[in-house]
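Listed here are the chains, written in short residue letters.
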Amino acid sequence: MGVMPPTPESMKRTLDRLVGCGFDLHAYFSVLEYNRVVDPRFALPVGEAPNPIGVLIGNTRAIWPHFIAYLRANPDVIEHDNPLEQYTEKSVYEVLESAPVSVAVRFSHQMAPAPVAMQELAQLAGLGSLSASHLNVHPVYGPWISMRAVVVFDAFSGAVFKEPAAACTPACEDRCRELFESTMGAMKSRTHLEIRAHWRDWVAVRDSCSTGRTYRYGEDQLAYHYTHDKAILRRAIAKG
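Described below are features of the structure shown in this document. Quick caveat, the model's predicted, so the values are computed rather than measured. (Residues numbered from 1 in each chain as written. Predicted model: local features only at pLDDT ≥ 70, side-chain atom pairs only at ≥ 80, totals over all residues. Heavy atoms only, no water.)

### Concerning the overall build of the protein
Our working definition: Strands here mean DSSP runs of E at least two residues long; helices mean DSSP runs of H or I at least four residues long; both are numbered from the N terminus. Classification of residues uses two cut-offs on accessible area relative to the type maximum, computed with a 1.4 Å probe and protein chains only: under 20% is buried, over 50% is exposed, and between them is partly exposed. Residue contacts follow a heavy-atom distance rule, with two residues in contact if any of their heavy atoms lie within 4.5 Å. Here, Shrake-Rupley sampling with a 1.4 Å probe gives the accessible areas, and only protein chains in the shown set may cover a residue. His is not counted, nor are the chain ends, whereas Lys and Arg count as positive and Asp and Glu as negative. A charge is said to be at NZ when it belongs to Lys, at CZ for Arg, at CG for Asp and at CD for Glu.
When helices and strands are tallied, the protein shows 10 helices and six strands. Referenced to the eigenvectors of the C-alpha coordinate spread, the extents of the protein come out at roughly 55 × 45 × 30 Å. Looking at the protein as a whole, 50% of its 240 residues qualify as buried. Taking as baseline every contact in the protein between residues at least 6 positions apart, the subset at least 24 positions apart corresponds to 73%. Carbon and sulfur atoms form 55% of the exposed surface of the protein, whose accessible area is close to 11900 Å². Taken as two groups, the 24 positive and 26 negative side-chain charges of the protein have centres that lie 5 Å from each other.

This is the structure:
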């Protein structure tokens, strides 16, 4: 007997639990369609379902208070190489324990067993159009989003790609393109150390977008997003 597809109710319960952890962005997509359009090295696994359904999971600024509350309750996690990645994995796996069908999971921060073309997927799944700044821009939240994980359910998908309308005006695109190219030109390499050294310039690239400004990350979240400086987390925890 084939695997029954998740019902809308069961999928909503699963995703609602993720929202409760701060992962408030979700987009359904056809795994076969994604695999068809990306380079084979970015392909997602498929099970027995003829056209498995995938869910792209992301977040807005909503994740920050949940993450800090988790660290406050589990202070040892701050010693992890990357506490936010640890929190993401824990949250997603715990929620999926009650998933209606078997799943495969890929995280944006992991390169093994295979990376996912997260930005291309975000555009294809309608979560955010890819702008001249090489950032996905959500029609409401603007560039203030992050892609965290992909979940593949071994069940049939009726999802089709609906690319989002461009969220940026031509003037906005010109502005962010100029800042992006200027920042890239100032960097000696694309390593995290170089990004950290120029992180305020990268913030300026995001700030150049006129969409979603009211959803801008808070200062602590913004600084940590680019620097991974644990002193920021310790200060946030101490604020109570």
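### Some points on helix 10 (residues 230-238)
To be explicit about the condition: In this description, one arc is meant: the one made by directions from the helix axis to the C-beta atoms. N or O atoms within 3.5 Å of each other form a polar contact, as long as, within protein, one can give a hydrogen and the other can take it, and as long as residues adjacent in sequence are counted only when both atoms are side-chain atoms.
Taken together, the buried positions of helix 10 are Lys230, Ile232, Leu233 and Ala236. Seen from one end, helix 10 has its buried residues packed into an arc of 150°, which puts them on one side. At the N-terminal boundary of helix 10, the capping side chain belongs to Asp229, with an oxygen 2.9 Å from the backbone nitrogen of Ala231.

### Considerations on the pattern of salt bridges
To keep it simple, the criterion reads: The rule for a salt bridge is simple: a side-chain nitrogen of Lys or Arg has to be within 4 Å of a carboxyl oxygen of Asp or Glu.
Applying the stated criterion to the full structure yields eight salt bridges. Glu33 is the salt-bridge partner of Arg36, the closest N and O atoms lying 2.9 Å from each other. Highlighted residues: Arg36 and Glu33, both in helix 2 (residues 31-37), separated by three residues, approximately one helical turn. Here Arg36 falls in the exposed class, since its relative accessible area comes to 58%. The partly exposed category is assigned to Glu33, whose relative accessible area is 29%. Between Glu79 and Arg234 there is a salt bridge, with the nearest N and O atoms lying 3.5 Å from each other. On the criterion of sequence distance, the pair formed by Glu79 in the loop between helix 3 (63-73) and helix 4 (83-96) and Arg234 in helix 10 is long-range, its members being 155 residues apart. Residues participating in the shared-partner salt-bridge network are Asp207, Arg216 and Glu219.

### Considering unusual backbone geometry
Cis geometry is adopted by the peptide bond preceding Pro113, which originates at Ala112 and carries an omega value of 5°. In the Ramachandran plot, His134 falls in the positive-phi region, its phi being about 65° despite a non-glycine side chain. Among the structural elements, His134 can be located in the loop between strand 4 (129-130) and strand 5 (136-137). Using a relative accessible area of 47% as the deciding quantity, one classes His134 as partly exposed. Even without being glycine, His228 reaches a positive phi, approximately 60°. Structurally, His228 is set in the loop between helix 9 (219-227) and helix 10.

### Observations regarding the pairing of strand 2 (residues 52-59)
Rules: Two strands make a pair as long as DSSP finds a minimum of two bridges between them.
Among the eight residues in strand 2, eight count as buried, and that is most of the element. Because side chains alternate across strand 2, one face comprises the buried residues Pro52, Gly54, Leu56 and Gly58, and the other comprises Ile53, Val55, Ile57 and Asn59, equally buried. Examined bridge by bridge, strand 1 (residues 25-30) and strand 2 share six bridges and lie antiparallel to one another. Each residue of the ladder has a partner; that of Ser30, found in strand 2, is Ile53.

### Some remarks on the packing of aromatic side chains
Rules: Only Phe, Tyr and Trp rings take part, Trp by its six-membered ring, and two of them pair if their centres are within 6.5 Å. Stacked means planes under 30 degrees apart, edge-to-face means over 60, and tilted covers everything else.
All told, the structure shown has 11 aromatic pairs when counted by the stated rule. Ring geometry for Phe23 and Tyr87: centres 5.9 Å apart, planes at 20°, overall stacked. Here Tyr87 lies in helix 4 and Phe23 lies in the loop between helix 1 (8-19) and strand 1, a separation of 64 residues in the sequence. On the accessibility criterion, Tyr87 (5% relative accessible area) is buried. Ring geometry for Tyr70 against Tyr87: centres 5.0 Å apart, planes inclined by 40°, an arrangement best described as tilted.

### A look at the nonpolar core
Let me state the cut-off plainly: Among the buried residues, those of types Ala, Val, Leu, Ile, Met, Phe, Trp, Tyr and Cys that are joined through side-chain atoms within 4.5 Å form a nonpolar core.
Counting 45 residues, the largest nonpolar core has Phe67, Tyr87, Val92, Phe153 and Leu233 as the members making the most contacts within it. For this core, the element with the most residues is helix 3, which contributes six residues. Once residues within four sequence positions are removed from consideration, Tyr87 is found in contact with Cys21, Phe23, Ile63, His66, Phe67 and Tyr70. Counting 20 residues, the second largest nonpolar core, distinct from the first, contains Leu25, Val38, Ala122 and Val150.

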